[in-house]
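One-letter residues, chain by chain:
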Amino acid sequence: MASAEPRKVTIVGAGIVGMSCAVFLQRDGHDVTVVDRLGPGKGCSYGNAAGVALSEIVPISKPGLMATVPKWLLDPKGPLSIRPSYFPTVMPWLLRFMAAGRASRVSALAEAAACLSHRAREDFPMALRAIEAEDMMFCDFCAAIYDHEHEFRKAKWQWDLRAEHGFPYRKISGAEIHELEPDVSADAGCALIMDGWRNIKDPYALVTRMAERFQSDGGTLIGGDVRRVETTGRTVSSVHLADGSALLGDHLVIAAGAWSHRLARPLGSIVPLEADRGYNKTMPNTGISLKRQLVYESAGIAITPLPQGLRIGGAVEFAGVDAAPDYRRSDYLVDKAKRILPGLKDTSGEKWMGPRPGLPDFIPVISGSPHFGNLFYAFGHGHLGLTWGPTTGRLIADMISGRPGDVDMAPYRVDRF
Ligand SMILES: Cc1cc2nc3c(=O)[nH]c(=O)nc-3n(C[C@H](O)[C@H](O)[C@H](O)COP(=O)(O)OP(=O)(O)OC[C@H]3O[C@@H](n4cnc5c(N)ncnc54)[C@H](O)[C@@H]3O)c2cc1C
C-alpha cells in the first residue's frame, strides 16, 4: 500500500516496536532509516515470554494490589523488588501507578488496552505477511493456573472484565489441566483457558527477521547511539549520533523502549517512563514437555516452551534502566515453577533481564509530539510490547502517511500525564 507522498523517516530503536513501525512505513512507500546502538532485537524484545497476549487487558495497577505490596517487598524472592538506593527515584512513578489502579480508572484503561488488542488480531498477521514470516506464529490455548480455587475467586472480576471486552475464558479443574498437560502437578487448584491464544516461536528471531526483510526491501539500518535531536522552530531538523554523524529526514519516530524518555524530555515531553525489569531463564533440558504456554498465576510467572528450551520468567524489579542485572531473580522464578511442574530439572541455561518500558497507567504512548509537527512517539508498552508492537507500527504509519485512522488516539497521547 504505497503512500501518496513518500517521506524520509528516521526511527530510533530497533526493538519489536521500532521494527514494526519500520515495516509498516516501508510498506507505505517511505524511505526509512532505523538506528539502534545495540542492534535489532537486543533490548527488551530479545527474551520475552513470546506471548501475543491479546486478552491481557487488565492494568497491572488495580484495586487491592497495594495491600499485597508490603508482603512482596519483604520477601527477597518475591515478585516485586526495589533496590533500596532506587526508592526515592521510583517513588513518584509508584504514586502515579497507585493512582492508575483506582476502580474508577481501571475500566477506561482496560478499554484502551482492549482497543489495541482487538486491532492486533489483524495487525500482527499483517506484519508477519509483510515479511513473509507467517510460520513464526502459532495458535493454541493458554492456561492460567491457580494453586487454590479461592485465589481465582478473588481475581474473578479481572477475568470477567476480560470477557466483557471480548476475551472470554473457560474454567477447568486442576485434574483437567493435569490431563491436558501431564507435567503440571495433579494438585493444581484450577485453570482458566484462553482460547485462540497466539505465540511467537522465538521473539528475537522475529525482530531479526523483520530487520533482514526491511533491509532487503531497501531500508537502512544503522548501528549508532542517538545523543541529541536538533530542532528548528516547530520542526525536528536532525538526529545526532555519538560518533559525530547526523541523520536528516522529514520525520522522526522515537521507539527507544525504556530509554525513550531521555530523548523526549529535551523535546518538551516529560513522560514518567520507568524500567520495569523482568527476568527469566531458558533451559534446554528440563525434563518437562509442555504443549503450550502456561501462566502460573499464583506465582506470577509465565512458562513458555520454545525451540531453544523452556523459558520461565516474570518478576518486576525497579533499579534503574542501566543497573546491572541480579540474576538470582531468574533462579527464584525457576524455584517457584517447580511447585507447579514437580518434575522440573533446573539445569544450565540462559539467564536474562529485560527492561520493560513501563508507564504507570499501563497504556503505551503512540502519539505525535504536541511541540514538533514531524516528531512521533511509540514507546511505553510495558508487559505487552510484543503483543501491541505491530499495531503501534500500523498506527504510526497511518499518522505519518496522513491516513485517517479508526482509533480514538486520545488515551495514547504523550501529553496525557
Ligand atoms: C521477562 C519478560 C517477559 C515478557 N513477555 C512478554 C510477552 O509474552 N508478550 C508481550 O507482548 N510482551 C512481553 N514482554 C514485554 C516486551 O518484551 C516489551 O514490551 C517490548 O520488548 C518492548 O519493545 P520496544 O521495542 O519498545 O523496546 P526494546 O526492545 O527495548 O527496543 C528499544 C531499542 O532502542 C534502542 N535505543 C534506546 N535508546 C537509544 C539511543 N539513544 N540510540 C540508539 N538506540 C537506542 C535500544 O538499543 C533497543 O534496542 C516481556 C518482557 C519481559 C522483560
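What you see is a predicted model, and the numbers here were worked out from it, not measured in a lab.

Chemist: With reference to specific residues and values, describe the overall build of the protein.
Modeler: Scanning the protein from N- to C-terminus turns up 10 helices and 19 strands. For 417 residues, the compact-globule estimate of 2.2 N^0.38 gives 22 Å, and the protein sits close to it at 21 Å. In terms of its C-alpha atoms, the protein occupies a principal-axis envelope of roughly 65 × 45 × 40 Å. Burial analysis of the protein (417 residues in total) assigns 57% to the buried set. Excluding contacts between residues fewer than 6 apart, the proportion of contacts in the protein whose partners are at least 24 apart in sequence is 77%. Counting every atom, the protein has about 16,900 Å² of accessible surface; 54% of that belongs to carbon and sulfur. Counting 47 positive and 46 negative side-chain charges, the protein places the centres of these two groups 4 Å from one another.

Chemist: Account for the site of the ligand, with residues named and values stated.
Modeler: Around the ligand lies a shell of 34 residues, among which Asp-36, Ser-45, Gly-51, Gly-382 and Thr-387 are the nearest. Asn-48 places a polar side-chain atom, nitrogen or oxygen, 3.1 Å from an oxygen atom of the ligand. A distance of 3.4 Å is found between an oxygen atom of the ligand and a backbone nitrogen or oxygen belonging to Ala-50. Burial of the ligand by the surrounding chains reaches 97%, relative to a free accessible area of 1,000 Å². When residues of the shell around the ligand are traced back to their parent elements, those giving at least two are helix 1 (16–27), strand 13 (274–283), strand 17 (350–358) and helix 10 (385–400). If one sorts the elements of the shell around the ligand by residue count, strand 17 sits on top with four residues. Class assignment of the residues belonging to the shell around the ligand gives a composition of 16 nonpolar, 14 polar and four charged.

Chemist: Give a detailed account of the packing of helix 1 against helix 7 (residues 203–216), specifying residues and quantitative values.
Modeler: Look at helix 1 against helix 7: their axes get within 10 Å of each other, and the N-to-C directions meet at 35°. For the crossing formed where helix 1 meets helix 7, the hand is left-handed. Residues Ile-16, Met-19, Ser-20, Ala-22, Val-23 and Gln-26 of helix 1 form the contact with helix 7, whose participating residues are Leu-206, Val-207, Met-210, Ala-211 and Phe-214. Residue composition of the contact of helix 1 with helix 7, grouped by class: nine nonpolar, two polar and no charged.

Chemist: Mind laying out the pairing of strand 13, listing which residues take part and the relevant values?
Modeler: On a regular strand, one side chain projects to one face of the sheet and the next to the other, so that they alternate. The buried fraction of strand 13 is high, at 10 of 10 residues. Going residue by residue along strand 13, you find Glu-274, Asp-276, Gly-278, Asn-280 and Thr-282 tucked away on one face and Ala-275, Arg-277, Tyr-279, Lys-281 and Met-283 tucked away on the opposite face as well. In this sheet, strand 17 lies alongside strand 13 in antiparallel orientation, the contact comprising nine bridges. Pairing of Ala-275 across the sheet is with Pro-357, part of strand 17.

Chemist: So what's going on with the sheet that holds strand 9 (residues 226–232)? Residues and values would help.
Modeler: On the basis of which strands lie adjacent, the open sheet formed by three strands has the order 9-10-11 and antiparallel pairing. This sheet does not close on itself; its edge strands, each paired only once, are strand 9 and strand 11 (246–247). Looking at chain direction, strand 9 and strand 10 (residues 235–241) are connected through six bridges and run antiparallel. Pairing of Glu-230 across the sheet is with Ser-238, part of strand 10.

Chemist: So what about the side chain of Glu-181? Which residues, and what values?
Modeler: Its place among the elements puts Glu-181 in the loop between helix 6 (174–180) and strand 7 (190–200). A polar atom in the side chain of Glu-181 sits 3.0 Å from the side chain of Arg-292. Apart from residues no more than four positions distant in its own chain, Glu-181 is found in contact with Ser-289, Leu-290, Lys-291, Arg-292 and Leu-294.

Chemist: Outline unusual backbone geometry, listing residues and values.
Modeler: The phi torsion at Ala-315 lies on the positive side, around 70°, for a residue other than glycine. With respect to the helices and strands, the residue Ala-315 is situated in strand 16 (residues 309–318). For Ala-315, a relative accessible area of 12% gives the class buried. One non-glycine residue with positive phi stands out, namely Phe-362, at about 80°.

Chemist: Describe the packing of aromatic side chains, with residues and values.
Modeler: Inspection of every chain in the model, using the stated rule, returns 10 aromatic pairs. Relative to Trp-352, the ring of Tyr-46 has its centre 6.3 Å away and its plane inclined at 45°; by these criteria the two rings are tilted. Of the two residues, Tyr-46 is situated in the loop between strand 2 (31–36) and strand 3 (51–52) and Trp-352 in strand 17; the sequence distance between them amounts to 306 residues. Both rings, one in Trp-93 and one in Phe-97, keep their centres 5.3 Å apart while their planes meet at 15°; by these two values the pair is stacked. Here the residue Trp-93 and the residue Phe-97 both occupy positions in helix 3 (residues 87–100), the gap between them amounting to four residues, near one helical turn. On the basis of relative accessible area, Phe-97 is assigned to the buried category, the value being 12%. An aromatic cluster is built from Tyr-146, Phe-152, Trp-159 and Tyr-169, whose rings are joined through pairwise contacts. The ring of Trp-159 carries Arg-162 above its face, with NZ or CZ at 4.2 Å from the centroid.

Chemist: Explain the nonpolar core to me, and be specific about the residues and the numbers.
Modeler: Core analysis: the largest hydrophobic core is formed by 70 residues, its most contacted members being Ile-11, Met-19, Leu-25, Leu-206 and Val-253. The leading source of residues in this core is helix 4 (residues 103–130), at 12 residues. Leu-206 has contacts with Ile-16, Phe-124, Leu-128, Ile-131, Met-136, Ile-200 and Leu-386, leaving out every residue within four places of it along the chain. With 28 residues, the next largest nonpolar core counts Tyr-296, Ala-299, Leu-310 and Ile-312 among its residues.

Chemist: Would you mind going over helix 3 in detail, with residue names and values included?
Modeler: In this model, helix 3 (14 residues) spans 19 Å end to end at C-alpha, consistent with the 20 Å of a helix rising 1.5 Å per residue. The largest bend in helix 3 amounts to roughly 30° and is located at Trp-93. Those residues of helix 3 that sit buried are Val-90, Trp-93, Leu-94, Phe-97 and Ala-100. Looking at the packing, one finds that the buried side of helix 3 touches helix 2 (65–74), strand 4 (80–82), helix 4, strand 13, strand 16 and strand 17.

The rules behind these values
- Per chain, the residues get numbers from 1 upward, laid out in the order the sequence is written.
- Reporting of local features is limited, given that this is a predicted model, to residues whose pLDDT is at least 70; pairs of side-chain atoms are given and counted only at 80 or more, and all residues count toward the totals for whole chains, interfaces and linings.
- In computing side-chain values, all of the structure's heavy atoms are included and hydrogens and water are not.
- Comment: elements are numbered from the N terminus, with helices defined as DSSP H or I runs of at least four residues and strands as E runs of at least two.
- In this description the radius of gyration comes from C-alpha coordinates, and the expected globular size is given by 2.2 Å times residues to the power 0.38.
- Note on exposure labels: buried denotes an accessible area under 20% of the residue type's maximum, exposed denotes more than 50%, and partly exposed covers the range between, all computed with a 1.4 Å probe on protein chains only.
- Any two residues whose heavy atoms approach within 4.5 Å are treated as being in contact.
- Each accessible area value is a Shrake-Rupley result obtained with a 1.4 Å probe; residue values ignore everything except the protein chains displayed when judging cover.
- Only four residue types enter the tally: Lys and Arg on the positive side, Asp and Glu on the negative side; His and the chain ends are excluded.
- To locate a charge, take NZ of a lysine, CZ of an arginine, CG of an aspartate or CD of a glutamate.
- When we say a residue is near a molecule or strand, we mean one of its heavy atoms is within 4 Å of it.
- In the analysis that follows, any N or O atom pair within 3.5 Å is treated as a polar contact, provided that within protein one partner can donate a hydrogen and the other can accept it, and provided that, for residues neighboring in sequence, both atoms belong to side chains.
- Lys, Arg, Asp and Glu make up the charged group, whereas Ala, Val, Leu, Ile, Met, Phe, Trp, Tyr, Cys and Pro make up the nonpolar group; the residues left over, Gly among them, are polar.
- Helix axes use the C-alpha atoms of the stretch in contact, all axes being lines fitted to C-alpha atoms, and the angles between their N-to-C directions lie in the range 0 to 180 degrees.
- Crossing handedness is defined as follows: a turn of the near helix away from the far one that is anticlockwise and smaller than a right angle gives a left-handed crossing, while the clockwise case is right-handed.
- Two strands make a pair as long as DSSP finds a minimum of two bridges between them.
- The criterion for an aromatic pair is that two Phe, Tyr or Trp rings (for Trp, the six-membered ring) have centres within 6.5 Å, with stacked assigned to planes under 30 degrees apart, edge-to-face to planes over 60 apart and tilted to the rest.
- Consider the ring centre and the ring normal. A charge sits over the ring if Lys NZ or Arg CZ is within 6 Å of that centre and within 35 degrees of that normal.
- Grouping buried Ala, Val, Leu, Ile, Met, Phe, Trp, Tyr and Cys residues that are joined through side-chain atoms within 4.5 Å yields what is termed a nonpolar core.
- To estimate how far a helix should extend, the number of its residues minus one is multiplied by 1.5 Å.
- At every residue, the bend is computed as the angle between two fitted axes, covering the seven residues ending there and the seven beginning there respectively.

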